[in-house]
Amino acid sequence: MVWWIILWVVLGLAGIVLAYILLLVISAQLVNMKKEYSQESRYYRFLLNSATFFASRLIRIKLHVTGKDMLPKGRYLLVSNHRSKFDPILTWLVLGDQQLSFISKPENFKVPVFGRLIHRLCYMAIDRENPRNAVKTINRAIDLINRDAASVAVYPEGTRNYGEGLLPFHNAMFKIAQKANVPLVVVTVKGAYEIQKNYPLHRSHVYIDVVKVYRAEEIKKKKTAELGDSVRDIMLENLKKYEGDKK
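These notes cover the structure that comes with them. (Residues numbered from 1 in each chain as written. Predicted model: local features only at pLDDT ≥ 70, side-chain atom pairs only at ≥ 80, totals over all residues. Heavy atoms only, no water.)

1. Observations regarding helix α5 (residues 131–146)
Here is the rule we go by: Numbering of helices and strands runs from the N terminus; a helix is a DSSP stretch of H or I covering at least four residues, while a strand is a stretch of E covering at least two. Here the expected span of a helix is defined as 1.5 Å times the quantity of residues minus one. Here the term buried applies to any residue with accessible area under 20% of the maximum for its type, exposed to any over 50%, and partly exposed to those in between, with areas from a 1.4 Å probe on protein chains only. Any two residues having at least one pair of non-hydrogen atoms within 4.5 Å are treated as being in contact. Here a polar contact is recorded for every N or O atom pair within 3.5 Å, except that within protein the pair must consist of a potential hydrogen donor and a potential acceptor, and residues adjacent in sequence are included only if both atoms are side-chain atoms.
With 16 residues, α5 should reach 22 Å at 1.5 Å per residue; the first-to-last C-alpha distance of 22 Å fits that figure. Restricting attention to buried positions, one finds in α5 the residues A134, T137, I138, R140, A141, I142, L144 and I145. Contact partners of the buried residues in α5: β3 (100–104), β4 (124–125), β5 (151–154) and α6 (175–180). The distance from a side-chain oxygen at the start of α5 to the backbone nitrogen of R132 is 3.0 Å, and the residue carrying that oxygen is N130.

Here you go:
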C-alpha cells in the first residue's frame, strides 16, 4: 500500500513538472519575435523568474545577496561587471521584483524558450558593430524608463570578460541614466564564472552585491568618462574582498 502511495506521489510530481514545462514552451511560442514590446507582462515575468529559480536549485547555486535595501524606489539604470553567462540570469532572479530589462547581445534572444521570454519582457538587443543601431537601443532604454515601463540593466564592459579585473567601459551607456534623470545602481557579481566547473559535484556560491547608488542629481552634470572611472573603481574595490575565496 505504501509503495502505491509513493508511486502516485512520484507520478503526480512528474505530471506537474511536465505540465509546467509544457506551459513554458507554449507561452514562449506565443511571443511575437518581430514585435517590439513596450510594456512588460506580469505573467511572463512570473514564468521567467520561476524557471530561473528552479534551474538555479537544480544546478546547486547558493546566492549571497547584500545591499538590496539600497535600491531606489523608482526606476533606475543598473550596471554590473560581467564574467559569466549566468550573471544576468542570477541578477534578474535576485531582483525579480524590480522589473529589470537588460540590454543584451542578439544571440541571447535565440536561446530556446528563454530568448522569447526575455523578448516579451522588453529586453533589448544591441548591435555592437553598428553605432547608429546601438544609439537606437540606448534611446529605447531611456524611453522604457521615462514611461515607467521598466528599469534597465546593462554591462558597461560591453561583453563578457574571460579574465580577472574589468574590461574597458563603454561609457556611453551611462547616458541612459543621465538622460532619463534616474539613479545609477552599481552591482558586482562574483562566483558565477565557476558554476560550470563546479556542477554537478560541488555547490556554487555566487555573491551579488548592490555596492553603490548614485543619485540622479549627482550624475547629471558629470562627464560619462568621469562617471565610468568612478564606477570602475567602486566595482574593483568591492571585488577585492573576494580575492582568495575558495568557496
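2. Section: the pattern of salt bridges
We count it as follows: What counts as a salt bridge is simple: a side-chain nitrogen of Lys or Arg found within 4 Å of a carboxyl oxygen of Asp or Glu.
Considering all chains together, one arrives at eleven salt bridges under this definition. In this structure, R140 engages E36 in a salt bridge whose closest nitrogen and oxygen atoms are separated by 3.8 Å. On the criterion of sequence distance, the pair formed by R140 in helix α5 and E36 in the loop between α1 (2–29) and α2 (42–58) is long-range, its members being 104 residues apart. A salt bridge links D143 to R147; its shortest N-O distance comes to 2.9 Å.

3. Comments concerning the packing of α2 against helix α3 (residues 86–94)
What counts here: Orientation is described by lines fitted to C-alpha atoms, with helices fitted over the stretch in contact, and by angles between N-to-C directions that extend from 0 to 180 degrees. Each angle receives one of four descriptions, namely roughly parallel if under 35 degrees, roughly antiparallel if over 145, roughly perpendicular if within 65 to 115, and oblique otherwise. In this scheme the crossing of two helices becomes right-handed for a clockwise turn of the near helix relative to the far one and left-handed for an anticlockwise turn of less than a right angle. Amino acids are sorted into nonpolar (Ala, Val, Leu, Ile, Met, Phe, Trp, Tyr, Cys and Pro), charged (Asp, Glu, Lys and Arg) and polar (every other residue, Gly among them).
Where α2 meets α3, the closest approach of the two axes is 9 Å, and the angle between their N-to-C directions is 115 degrees. Here α3 runs roughly perpendicular to α2, going by the angle between their axes. The handedness of the crossing between α2 and α3 comes out as left-handed. Across from L48, N49, T52, F53 and S56 in α2, the residues of α3 making contact are I89, L90, W92 and L93. Classifying every residue of the contact of α2 with α3 by side-chain character gives six nonpolar, three polar and no charged.

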